[in-house]
Amino acid sequence: MDSRATLVDHGFVDGCYIKNDAYNGAATLVSFHLLRYALFTLMLLVVGPFVFRVVAAFFDLERDFKSIADHFDDVTGGLMYTYILFTLGNYSHTFGWVTASFYFVGLLAYSGLAWLPFMGVSIPGWRSWSKEAWLVNSAGLVLALIGAGFHIRWASQTGILQWYLPLFVLASASLWSPLFVKWLHHYCIDNYPEGLGIERRSRRAALSIFISRSGAIRRKYQVEEENQLAVLRMRAEQYAATRALPVTRQSGSSTDDNDNGRCGSLSTSIGDRPVATQRSSDVGTPMLYANNSHSASRLNMPNEPAAQPRATTLTHAQKQEMIERKLQHRYYLNARPDGSLPLHRYQLHLHHWQIFYTLAFFTRFDDFASRACAGIVLGIFTHGHAAFGLDPLMERKGELNP
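Thresholds, definitions, all that
- Residues numbered from 1 in each chain as written.
- Predicted model: local features only at pLDDT ≥ 70, side-chain atom pairs only at ≥ 80, totals over all residues.
- Heavy atoms only, no water.
- Helix = DSSP H or I, 4+ residues; strand = E, 2+ residues; numbered from the N terminus.
- Buried < 20%, exposed > 50% of the residue type's maximum accessible area, 1.4 Å probe, protein only.
- Contact = heavy atoms within 4.5 Å.
- Areas by Shrake-Rupley, 256 points an atom, 1.4 Å probe, with all protein chains shown as cover.
- Axes fitted to C-alpha atoms, helices over the stretch in contact; angles between N-to-C directions.
- Parallel < 35°, antiparallel > 145°, perpendicular 65-115°, else oblique.
- Left-handed = near helix turned anticlockwise from the far one by under 90°.
- Nonpolar A, V, L, I, M, F, W, Y, C, P; charged D, E, K, R; others polar.
- Polar contact = N/O pair within 3.5 Å; in protein donor to acceptor, adjacent residues only side chain to side chain.
- Core = buried A, V, L, I, M, F, W, Y, C linked by side-chain atoms within 4.5 Å.
- Salt bridge = Lys/Arg side-chain N within 4 Å of Asp/Glu carboxyl O.
- Phe/Tyr/Trp six-rings, centres within 6.5 Å; stacked < 30°, edge-to-face > 60°.

Participant: Kindly report on the overall build of the chain, identifying the contributing residues and their values.
Facilitator: Across its full length, the chain holds 14 helices and 6 strands. Across the 402 residues in the chain, those meeting the buried criterion constitute 31%. Looking at the chain alone, contacts between residues at least 24 apart form 73% of all its contacts between residues at least 6 apart. For the chain, the accessible area works out to roughly 25,000 Å², and carbon and sulfur atoms hold 62% of it.

Here it is, written out as structure tokens:
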């Protein structure tokens, strides 16, 4: 960058805008200008698509039906694309009337070209192209290569060639890297239909921890419950023992009925409940009115169970069986009713909006021809998303992997 270049002191909104640059920002990776960004976004996401839809309706050009919600999704989704392109493509310096004029030329020219009967083809179906389609697409490729040659020359003159070509390879990786992604995806679903191993190992580790911890908690609570039960029983027995009195009857006494309230039996109570005692006819036999076997029940205390199963540590085999059983439930992965995962096969469909969006990053020079090329590639990009939407590069074939 020229040593005379200075940043315009516009503060928050235009802090990255460069002034007095000999290359008009071409040698600077990041730049921004708020007003120009607003006009740039308005042209790409609102005005351009509206013009195309009107012209397409008049001439009945090929396009997808779009509702108001679809157009809204296109605008909100396109904001990310336009911001990245504007910031890294030097449009804060190069966007102007030249780019805007050739933008509509590219948009309408490509719309008319796609209207030709033999041009209703897609890149994945290149084997079935007609001779006319081959001729037109080959001519377009030659023009693109010629334009690329001029831009490489301008990059060399600007002194950024060592960055320009590697960045082009990096940016175009989104177009050729899906070849490897597709191969890797098909390899995984063919060899690991239950899902990637890292997910199953992570889930298995979590289940191992949770199962072990839940068993330890159950054992801890059972020990505490047994200790509380023992304490309560001991208190019940002590209480019953302190309230019980011995009853004896002297042999030959004639006043036993009067002494005992003229009753044939004696009774006492623990709390408010009577406890049966020894009858008066049982001579000379002392007895406690409350004994240990009834003390707990008289005080509404729980008796010790005869055979209560104790919580023990699960064996390794039992733990593995429980883990495998829980791994069968994959509802959180949107599994089908039969338990299999929705594994789709994919095909690559390179769209023209993706190609020309990538090229738009590198028409960053201040020359008239570069600005005109920027308008053309932006117009073709707009045709793609205005007519069909921002379709993905990897499309599902439609059937699940068997």
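Participant: Let's hear about the packing of helix H1 (residues 34-59) against helix H2 (residues 68-88): which residues, and what values?
Facilitator: Working note: a packed helix pair is described by the angle between its axes plus the distance between those axes. Following both chains from N to C, one finds H1 and H2 inclined at 140°, their axes separated by 10 Å at the closest point. Regarding the angle of H1 to H2, the classification is oblique. In terms of crossing hand, the pair formed by H1 and H2 is right-handed. Contacts between H1 and H2 involve Arg 36, Tyr 37, Phe 40, Thr 41, Leu 44, Leu 45 and Arg 53 on the former and, on the latter, His 71, Asp 74, Val 75, Gly 78, Leu 79, Thr 82, Tyr 83, Leu 85 and Phe 86. Its residues assigned to classes, the contact of H1 with H2 comprises 9 nonpolar, 4 polar and 3 charged.

Participant: I'd like a rundown of the side chain of Thr 363, residues and numbers included.
Facilitator: Along the chain, Thr 363 turns up in the loop between helix H13 (352-359) and helix H14 (368-387). By relative accessible area, which is 6% here, Thr 363 ends up buried. Side-chain polar atoms of Thr 363 contact the side chain of Tyr 91, separated by 3.2 Å. A polar atom in the side chain of Thr 363 sits 3.3 Å from the backbone oxygen of Ala 360. Those residues in contact with Thr 363 that lie beyond four places of it in its chain are Tyr 91, His 151, Ser 370, Cys 373 and Ala 374.

Participant: Describe the nonpolar core, naming the residues involved and giving the relevant values.
Facilitator: Counting 25 residues, the largest nonpolar core has Phe 40, Leu 44, Leu 85, Tyr 91, Phe 365 and Leu 378 as the members making the most contacts within it. Broken down by secondary-structure element, the contributors of at least two residues to this core are H1, H2, helix H5 (131-158), H13 and H14. The residues touching Leu 378, leaving out its near neighbours within four places in the chain, are Phe 40, Leu 44, Leu 85, Tyr 91, Thr 99, Tyr 103 and Ala 360.

Participant: Summarise the environment of Arg 204; cite the residues concerned and give the values.
Facilitator: Residue placement: Arg 204 occurs in helix H9 (residues 197-243). C-alpha separation for the pair Arg 204 and Leu 327, spaced 123 residues apart in sequence, amounts to 7.6 Å. Those residues in contact with Arg 204 that sit more than four places away from it in its chain are Gln 320, Ile 323, Glu 324 and Leu 327.

Participant: Would you mind going over the pattern of salt bridges in detail, with residue names and values included?
Facilitator: A full pass over the atoms with the stated rule returns 4 salt bridges. Between Arg 63 and Asp 60 there is a salt bridge, with its nearest N and O atoms 3.9 Å apart. A residue is classified by how much of its surface remains accessible, and Asp 60, at 59% relative accessible area, is exposed. Between Asp 366 and Arg 371 there is a salt bridge, and its shortest N-O distance comes to 2.3 Å. Judged by its relative accessible area of 17%, Arg 371 is buried.

Participant: Residue-level account of the packing of aromatic side chains, with values.
Facilitator: Inspection of every chain in the model, using the stated rule, returns 26 aromatic pairs. The interplanar angle of 85° and the centroid separation of 6.1 Å between the aromatic rings of Phe 102 and Phe 368 together place this pair among those described as edge-to-face. With Phe 102 in helix H4 (residues 97-115) and Phe 368 in helix H14, this residue pair connects regions lying 266 residues apart in the sequence. Note on Phe 102: relative accessible area 27%, which makes it partly exposed. Considering the side-chain rings of Tyr 103 and Phe 104, the 5.0 Å spacing of their centres and the 85° angle between planes classify their relative orientation as edge-to-face. Given a relative accessible area of 0%, Tyr 103 falls into the buried group. Its relative accessible area of 26% is what places Phe 104 among the partly exposed residues. In textbook terms, an aromatic cluster arises when at least three aromatic residues are bridged by ring pairs, as seen for Phe 32, Tyr 37, Phe 40, Tyr 83, Phe 86, Tyr 91 and Phe 95.

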